[in-house]
Amino acid sequence: MRILGIPGVPLALMLGGLVPFAAGAGGMWALRADPALQGQVALALLAYAAMILSFHGGVRWGAEVNAHGAGIPRSRQLMLSVLGPLAAWGVLLWAMLGPAGWPVFAAAAGAHLLHGVWDADGAGLSIWMRRLRIAGTAGAVLALGAAGAAYIVR
């Protein structure tokens, strides 16, 4: 089965991968009255967001290596593929060392959006993968935005 040209298994896995984003955002709203628990949910959500950005960086690294077979992959593409994981680590470190307020979630959402735009552009990725990344990015960015908004609306 395909939806918008996306094979069923990758689509189902991507949707399953959005569950922790949605649960984290929901937890942020549900725990607004308990800042300590809300802070723990915030860190868990940001750690998951960092892990997913690292995964996407690995996908781009792998796509670049695969595209060149036994040849030498392009250094620029390899370097770009590690920017998402490094940004994710920085955002997570920011949340761990300081207050995890809405700016941290805005930065995490921005990192996901930038990586998603790069993936949607497609160099080395199939059309179905680009579509999958657009949908996954939208879900992640919306959830991270909703989580950050829980700090604003008290």
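Residues numbered from 1 in each chain as written. Predicted model: local features only at pLDDT ≥ 70, side-chain atom pairs only at ≥ 80, totals over all residues. Heavy atoms only, no water.

**Q** In this structure, what is going on with helix α5 (residues 102–121)? I would like to understand it.
**A** Because an α-helix packs 3.6 residues into every turn, residues spaced three or four apart end up facing the same way. An ideal rise of 1.5 Å per residue puts 28 Å on 20 residues; α5 measures up with 28 Å between its terminal C-alpha atoms. All of the buried residues along α5 are Val104, Phe105, Ala108, Ala109, Ala111, His112, His115, Gly116, Trp118 and Asp119. The inward-facing, buried residues of α5 contact α1 (8–30), α2 (35–67), α3 (75–81), α4 (83–97) and α6 (127–152). (Helix = DSSP H or I, 4+ residues; strand = E, 2+ residues; numbered from the N terminus. Expected span 1.5 Å × (residues − 1). Buried < 20%, exposed > 50% of the residue type's maximum accessible area, 1.4 Å probe, protein only. Contact = heavy atoms within 4.5 Å.)

**Q** Before we go on, may I ask you to explain the nonpolar core in this structure?
**A** Judged by nonpolar contacts, the single largest core of 35 residues is most densely connected at Phe21, Met28, Leu46, Phe105 and Leu144. The set of elements that each furnish at least two residues to this core consists of α1, α2, α4, α5 and α6. With nine residues, the single largest contributor to this core is α2. Non-local contacts of Phe21, meaning those with residues more than four positions away in its chain, are made with Leu45, Tyr48, Ala49, Ile52, His112, Ala140, Ala143 and Leu144. (Core = buried A, V, L, I, M, F, W, Y, C linked by side-chain atoms within 4.5 Å.)

**Q** Honestly, the packing of aromatic side chains in this entry has me stumped. Any pointers?
**A** The description of two aromatic rings rests on the distance between their centres and on the angle between their planes. Counted by the stated rule, this structure contains two aromatic pairs. Consider the rings of Phe21 and Tyr48, whose centres lie 5.0 Å apart with planes at 70°: the pair is edge-to-face. Taken together, the residues Phe21 in helix α1 and Tyr48 in helix α2 connect sequence positions 27 residues apart. As far as burial versus exposure is concerned, Phe21 and Tyr48 are alike and both buried. Centre to centre, the rings of Phe105 and Tyr151 are 6.0 Å apart; their planes meet at 40°, and the pair counts as tilted. With Phe105 in helix α5 and Tyr151 in helix α6, this residue pair connects regions lying 46 residues apart in the sequence. Pair check on accessibility: Phe105 and Tyr151 agree, each one buried. Across from the ring centre of Trp118, 3.9 Å away, lies the NZ or CZ of Arg60, which sits over that ring. (Phe/Tyr/Trp six-rings, centres within 6.5 Å; stacked < 30°, edge-to-face > 60°. Lys NZ or Arg CZ within 6 Å of the ring centre and 35° of its normal.)

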